2 protein chains.
Amino acid sequence: MPSRRECANAIRALSIDAIEKAGSGHPGAPLGMADMAEALWRHELRHNPENPDWPDRDRFILSNGHASMLLYALLHLTGYDLPIEEIRNFRQWQSKTPGHPERGVTPGVEMTTGPLGQGIASAVGIALAEELLAARFNRPGFEIVNHYTWAFCGDGCLMEGVSHEAAALAGTWGLGKLIFFYDSNGVSIDGHIDPWFDENVGQRFMAYGWQIIGPIDGHSSKALDEAINVAKAEKRKPSLIICNTHIGFGSPRIDSEASHGAPLGDDAASATKKNLGWDHPPFVIPEEIYKCWDQKAQGREREDAWNRLYAEYGRQYPELAAEFARRMAGKLPADWRKTASELLAWGESKKKDMATRVASRHCLDILVGALPEMIGGSADLSGSVGTKTSSSTPLDCKTYNGNYIFYGVREFGMGAIMNGLAIHGGFLPYAGTFLSFTDQARNALRLTAMMKLHVIWVMTHDSIGVGEDGPTHQPVEQIPALRLVPGLNIWRPCDSQETAVAWLSAVEGNTPACLVLSRQCLPEIERPGKMVEEIARGGYILHGCSGKPDIILLATGSEVHLVMDAARLLEESGKKCQVVSMPCTEIFDVQDQAWRDKVLPPDCRCRLAVEAARGDCWGRYVGLDGDIIAMDNYGFSAPGKELFVKFGFTAKNVAQRAMNLIEKSDGQKQAF
Amino acid sequence: MPSRRECANAIRALSIDAIEKAGSGHPGAPLGMADMAEALWRHELRHNPENPDWPDRDRFILSNGHASMLLYALLHLTGYDLPIEEIRNFRQWQSKTPGHPERGVTPGVEMTTGPLGQGIASAVGIALAEELLAARFNRPGFEIVNHYTWAFCGDGCLMEGVSHEAAALAGTWGLGKLIFFYDSNGVSIDGHIDPWFDENVGQRFMAYGWQIIGPIDGHSSKALDEAINVAKAEKRKPSLIICNTHIGFGSPRIDSEASHGAPLGDDAASATKKNLGWDHPPFVIPEEIYKCWDQKAQGREREDAWNRLYAEYGRQYPELAAEFARRMAGKLPADWRKTASELLAWGESKKKDMATRVASRHCLDILVGALPEMIGGSADLSGSVGTKTSSSTPLDCKTYNGNYIFYGVREFGMGAIMNGLAIHGGFLPYAGTFLSFTDQARNALRLTAMMKLHVIWVMTHDSIGVGEDGPTHQPVEQIPALRLVPGLNIWRPCDSQETAVAWLSAVEGNTPACLVLSRQCLPEIERPGKMVEEIARGGYILHGCSGKPDIILLATGSEVHLVMDAARLLEESGKKCQVVSMPCTEIFDVQDQAWRDKVLPPDCRCRLAVEAARGDCWGRYVGLDGDIIAMDNYGFSAPGKELFVKFGFTAKNVAQRAMNLIEKSDGQKQAF
């Protein structure tokens, strides 16, 4: 029977071999955390390698994602569909073993990690999801939702600000089934950390309301087992197990940053294996060690037991079981079309002018009332951003009832926690803040998009229309900068009807979406007919003309009204205008060529785009012969209406610039 | 003699009046913090209202910037050039009293604040600057640098992750002259904070190594005076004074979020003044209260004393005094041209191929050796990003010697602290991290740009060229997204010569700059002659042709080499190519029309841009007839060279796409 250390050494050996073969990677952390991993994954973690999607599995997040080989070794050894060929293929094109763990690529990898701190922050969202679902679905004798959320993290994760935001909330929320292992090895890339990280981490987390365990010897199986038991015994506080470890354990580069981010090299790799008493060829794990690690039978048994429980639950509570299944599958309810119709009907109905942030709140009233999976929130701007609806009830941390989260002033943490809620399954998270503060959450949004999570952001106060709060609160570069993030749909509706369609798209779309909304009141557009399907194509002709237009005016959001007024002025001067509303460029760009050519006829080069944001990206629609009215610089503190005038966002100026363009275009034509 | 409370009430009255008149603003915080402000500004703060630029003034940062009227009232009352008309003009177009404090707009405002948490984070940088300058310039009997850095902050500031990053470093660095007043009023915009902010803030800061004072009664002048004395007595730790206060003090909306962000309204404003016993007309401060507040005479006296000391210092240490004056003025040294020449000569010299991050390190070796104001650092990636030079010595927190800061894994905090170093004066901060992690610091960079601070970022690992670390570490949207931030110069050089010019521009430019650099080795370009001045124009013809080109190939950084190779292939097929290297679009865009037309001849519409990043913004250079080879989506984990091939970044593909474009363009010409 191999010893626990020998089992841990299998992780170490695979990590060394894979990193040597790849010629790059991070050996220090897998070598250092192997004993922690052995304690958790061989003796505690409740999972089924044959079904990584078992709803009630324990969740494990490797927040220090550069230790990816640790996770791949664990998945391989415990029996996931990750054969040794994949380990040999570490970090290669189309392997299942990329340099950092990626959700959707490797069976058993819950989350994409790499940017430090975000793993533990999302783990907070995962653990919250568990408590919320348990409160909603469990019944006496039927704890169908009852799992732990475990995360490994390193010094770097705890230096990052997002660790503060998320850990503070985890403490406030009393997430007793959230357990972090802190790999405290005293070394980060720049060396021994004392000169830049000498805080008392335990004291900090105690201040958040966590249970602190340790520091323990992170290489002692006994200490680790005990710590896990203590962690589990505490039901009302999350636990931080501080594990003193040695980075590069076993290697000649132990306790040195030299082991962190590069292969050990032949000599040091051999020396390490010798130190560890590991004398098997590369990528070879002795059968008896495989046996010790294999969790397939146990996993099957565990899931079978749960399946039996769930089947009985289904008999006693058929509606609950169906609802749980629906939510975990991320499907909309059977009567969704009714809700969608209600939403669109509200959008089309006659009503008074309103800000799109207000229109959005009306939409949310309908949606949140109908979709129990929607869990809302705001970074301390609930009233301003309109995310708290008539159906919203604040999270109660004693009962875990509620569908609304006060995240506090923590945009980045909010983004990462929403990712966690979506990763767990069973929720459609949405939350809001001012558009200019979404900067703080940008890397969380990047991970949302990279993981293709269904998360919706409500970003209000979308331009100089913010007015008196001034340039710090007036977005200028945020709209185009968000459009650059691959996989995000950015909606900037111009009125309540476009807002309703944007929400419909965001909910049905199953991809991340951001709604960019005005603070200020906007007129309702009188549309010639029902335009729902056209709006849903991201860009459409809001106002057409007969024959070839003299000019195409493109705009989004609040500027649509401006170009409509300008079109009227131009038409009074006998010019033919085509007004294009482009609420979502991402969706417009993937429409068929015929639609795109109809909206932007290729033979009309006379095009003017108007958006109260940086205009750089509109060049690809208006070309070298077109013009752009945009914000080249920051705004000012003054009433919003005045700012629009000062910065040239008036119908008169738009019409004048359009006229200049038409004249120039005519001149060019004559020159041909 | 007015009481201290009456003096504080002058702040309250001005705040109410200005906010009522503006019809918008945040009364709650000025009402709540007025007594804190009275204690600090009337009894402690060492400043000279007649010279806001006195180098040795105490620095004051209002981190909860929405309380701007508190600060404007203080500046007005103590005698700064901020007449009552400006207070009456609060939040109006071109007033000196914008909605949130803005550096450069209002005399006495040190820093633009509004995004919560960044004020205290930059205050850490300011306090560090003071210690570093003191260590460098003070001599026995001549403490010419000896001031405090004070900051007010609220609950929101302390929820934000950046507060963690910066406060942890302040503790580690032992900044004894940094003192925060925490306005602990238990209320944020969403209401009473217990459900989202119940951490023990004192315990948290104690974990960072701070001195904790209080909680005290933030409305008791005596308690505040004592706390200030205790704070100043501690020389080796920063201090946090926890002040229990009432938001909206004196108003009917006391202790309620209703007082936070909207005018009180006529009735409540009157009631508040009545409660406070304030019976003067709006905007009228009784003369005896003005007298109590007036700090002009005392300020003049204090600065005079310092001026006398500095004059004597200048006699005894003429070189030091000249150097201090030079650094505080932000001027380059007298022998700068020599350094610049050395830098450019290195750039032009024959040398082996290298990554631009390595070239940058060589440049920094020259620059840091010559410019003592340069203070470098990295977010725990010193070796990878090449910011630690042969002249760099790590910060020693006992002596405050050193010119290199290990910031730890704290990108946002690093950005905010660099802002603080620049705000203080005497330093040219630069620091580096991986480009994809600059996302975390984006809002700090926005404030850098908005304040026009001279701060330089070194952003390496700039594309899929990163390779095996995979998509989390491979920037895709970051380059164009940074270009969208108004006021930032983004340099992406293609080899060591362009890197040297980029550094020259960044150092001489006196505006914020980002150097975007390759991880991978790049060939050295053989240039026909000296091209320094052309490179410095941001975009230039690297390879020309005689007559009108058939195609213009544009690229930046690593892709320049690719298009050079493609041009060779095209020329073999008889096509005339103009290759444009565009290392800095911001600088190119402000060149005169003649230069821009030379580089991008208007009559050549056949243009192909190549950049391994999102291509959306290249449309404005290539137009509707051009083409863009770019990254539409995230990268993959695999060797970098392989990724360039897989994503179509090969000379062959560029040449093919160029050829297609030429043919299409010819076809169009024939059709004309």
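The following paragraphs examine the structure supplied in this document. Everything quoted here is computed from the prediction, not taken from an experiment.

To continue, consider the relation of the copies chain B and chain A. Laying chain B over chain A is done by rotating through 180 degrees and shifting 0.0 Å along the axis; what remains is an RMSD of 0.0 Å. Accordingly, the operation relating the two chain copies is best matched by a two-fold axis.

Residue and element names in this part refer to chain A. Inspection of the secondary structure assignment puts I144 in the loop between α5 (118-137) and β2 (149-154). Among the residues examined, I144 registers a relative accessible area of 0% and is labelled buried. Taking the C-alpha atoms as reference, I144 lies 7.2 Å from W306; in sequence the two are 162 residues apart. The residues touching I144, leaving out its near neighbours within four places in the chain, are D56, F137, N138, W306, L309, Y310, Y313 and F324.

The next thing to look at is the sheet that holds strand β20 (residues 627-629) of chain B. Residues and elements named next belong to chain B. Strands sit in the order β16-β18-β17-β19-β20 across an open sheet of five strands; the sheet is mixed. Two strands bound the open sheet, and with one partner strand each, they are β16 (540-543) and β20. Sheet twist, expressed as the average angle between the axes of neighbouring strands with direction ignored, equals 30 degrees. With five bridges connecting them, strand β17 (residues 551-555) and strand β18 (residues 577-581) associate as parallel partners. Following the sheet pairing, I551 is matched in β18 by C577. Lying on the sheet, helix α22 (residues 558-572) is in contact with β16, β17, β18 and β19 (607-610); it crosses β17 at an angle near 160 degrees.

Moving on to the sheet that holds strand β2 (residues 149-154) of chain B. Strand pairs in the sheet, formed through backbone hydrogen bonds, run parallel or antiparallel to each other. Residue and element names in this part refer to chain B. What the five strands build is an open sheet, ordered β1-β2-β3-β7-β6; its pairing is parallel. Of all the strands in the sheet, just β1 (59-62) and β6 (211-217) have a single pairing partner and so form its edges. Taken over all neighbouring pairs, the strand axes of this sheet differ in orientation by 15 degrees on average, direction set aside. Looking at chain direction, β1 and β2 are connected through four bridges and run parallel. When the sheet's bridge partners are listed, R59 is paired in β2 with T149.

Time to look at the environment of A223 of chain B. Residue and element names in this part refer to chain B. Tracing the sequence through the fold places A223 in helix α9 (residues 221-233). Separated by 227 residues in sequence, A223 and M450 place their C-alpha atoms 38 Å apart. In this view, A223 contacts I216 and D217; residues no more than four positions away in its chain are not counted.

One frequently used descriptor of interface size is the decrease in accessible area upon assembly of the parts. In this complex, chain B contributes 103 residues to the contact, which on the side of chain A involves 103 residues. Contact with chain A buries area across many residues of chain B, yet W93, R446 and L624 of chain B alone supply 10% of it, more than any other trio. On the surface where chain B and chain A come into contact, there are ten salt bridges. Between R91 of chain B and D469 of chain A there is a salt bridge, with its nearest N and O atoms 2.6 Å apart. On inspection of chain B and its partner chain A, the count reaches 48 residue pairs in polar contact (both at pLDDT 80 or more). Grouping the amino acids of the side of chain B that touches chain A by side-chain chemistry returns 44 nonpolar, 31 polar and 28 charged.

Residue and element names in this part refer to chain B. For strand β9 (residues 374-378), the tally of buried residues reaches five of five residues, placing the bulk of the element in the interior. Neither face of β9 is open: one carries M374, G376 and S378, the other I375 and G377, and all of them are buried. In this sheet, strand β11 (residues 428-434) lies alongside β9 in parallel orientation, the contact comprising three bridges. Within β11, the position partnered with I375 by the bridge is P429. Bridge count for β9 against strand β10 (residues 404-406) is three bridges, and the pairing is parallel. Across the sheet, residue G376 finds its bridge partner in β10, namely Y404.

Parameters at a glance
- Residue numbers restart at each chain and count upward from 1, following the sequence in its written direction.
- Working convention: letters from A go to chains and numbers from 1 go to ligands, in the order in which they are written.
- At least 70 in pLDDT is required for a residue's local features to be given in this predicted model, at least 80 for side-chain atom pairs to be given and counted, and no such filter applies to totals for whole chains, interfaces and linings, which use all residues.
- No hydrogens and no water enter the side-chain calculation; it runs on all heavy atoms of the structure.
- Least squares is used to superpose the copies, and the fit set is the C-alpha atoms of residues whose pLDDT is at least 70 in both copies.
- Put simply, DSSP H or I for four residues or longer makes a helix, DSSP E for two residues or longer makes a strand, and each gets a number counted from the N terminus.
- Exposure is judged per residue with a 1.4 Å probe applied to protein chains only, and the accessible area is read against the type maximum: over 50% gives exposed, under 20% gives buried, and values in between give partly exposed.
- Any pair of residues with heavy atoms lying within 4.5 Å of one another is described as a contacting pair.
- Pairing between two strands is assigned when DSSP locates at least 2 bridges connecting them.
- All axes are obtained by fitting lines to C-alpha atoms, using only the stretch in contact for helices, and the reported angles, taken between N-to-C directions, cover 0 to 180 degrees.
- Accessible area that two parts lose when put together, evaluated with a 1.4 Å probe and summed over both, is termed the buried area.
- Whenever Lys or Arg places a side-chain nitrogen within 4 Å of a carboxyl oxygen from Asp or Glu, that contact is recorded as a salt bridge.
- For this analysis, a polar contact is any N or O atom pair within 3.5 Å, provided that within protein one partner can donate a hydrogen and the other can accept it, and provided that sequence-adjacent residues contribute only side-chain to side-chain pairs.
- Here the term charged refers only to Asp, Glu, Lys and Arg, the term nonpolar to Ala, Val, Leu, Ile, Met, Phe, Trp, Tyr, Cys and Pro, and the term polar to all other amino acids, Gly among them.

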